[in-house]
Structures are given as structure tokens and as C-alpha cells.
Amino acid sequence: MDTVLPSLLLILAGLLAGGVVSLHRQGAARGVVVVTALLALLAGVGGVLWLIPLVTS
């Protein structure tokens, strides 16, 4: 279970990053693109930081 949640966060980050690209190409409002990008960044950083204790122990 310790590796499932970070993996899901990284998958979510990838989906959100793809959403950012898609929104940008469709000409969505800048605020929506920025918020989605921040959520993708937070999910990616959270997934990586969650894995750090597993790697060092």
C-alpha cells in the first residue's frame, strides 16, 4: 500500500499535465490553465516526496 498511493499521485500528475496542454491548445482562460498546472505540480511533487522515505530506508 505504501507504493500505491504515490503511484496514483504520479499518474494524476501526468493526467493533469496532459490536461494543461489540452486546455492551452483549446484556448482556455489563463487562470484555468494555471490552476490545473499548479495541481499537476503539487501532485507530482507529493508523489515524489512520498517515495523519498521508502528509498532512503
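Structure first, text after, so check above.
Attention here is on the structure that accompanies the text. (Residues numbered from 1 in each chain as written. Predicted model: local features only at pLDDT ≥ 70, side-chain atom pairs only at ≥ 80, totals over all residues. Heavy atoms only, no water.)

Helix and strand counts for the chain stand at 2 helices and 0 strands. A compact globule built from 57 residues would reach a C-alpha radius of gyration of about 10 Å, whereas the chain, at 13 Å, exceeds it by more than 25%. Principal-axis analysis of the C-alpha atoms places the extent of the chain at approximately 45 × 15 × 10 Å. When the 57 residues of the chain are sorted by exposure, 16% land in the buried category. A sequence separation of at least 24 residues applies to 67% of the contacts in the chain between residues at least 6 apart. Split by element, the accessible area of the chain, about 4,100 Å² in all, is 75% carbon and sulfur. (Helix = DSSP H or I, 4+ residues; strand = E, 2+ residues; numbered from the N terminus. Rg over C-alpha atoms; globule rule 2.2 N^0.38 Å. Buried < 20%, exposed > 50% of the residue type's maximum accessible area, 1.4 Å probe, protein only. Contact = heavy atoms within 4.5 Å. Areas by Shrake-Rupley, 256 points an atom, 1.4 Å probe, with all protein chains shown as cover.)

A separate point is the environment of Leu10. Checked against the element boundaries, Leu10 lands in helix α1 (residues 4-26). The exposure class assigned to Leu10 is partly exposed, which follows from its relative accessible area of 35%. For the pair Leu10 and Ser22, spaced 12 residues apart in sequence, the C-alpha separation works out to 18 Å. When near neighbours in sequence (up to four residues on either side) are disregarded, Leu10 contacts Gly44, Gly47, Val48 and Leu51.

Another point: the environment of Arg30. Mapped onto the secondary structure, Arg30 falls in helix α2 (residues 30-56). For the pair formed by Arg30 and Gly19, sequence separation is 11 residues and the distance between their alpha carbons is 13 Å.

Further remarks concern the side chain of Thr36. You can see Thr36 is positioned in helix α2. Of the residues examined, Thr36 reaches a relative accessible area of 14% and is grouped as buried. Leaving out residues up to four positions away in the same chain, Thr36 has contacts with Leu16, Val20 and Leu23.

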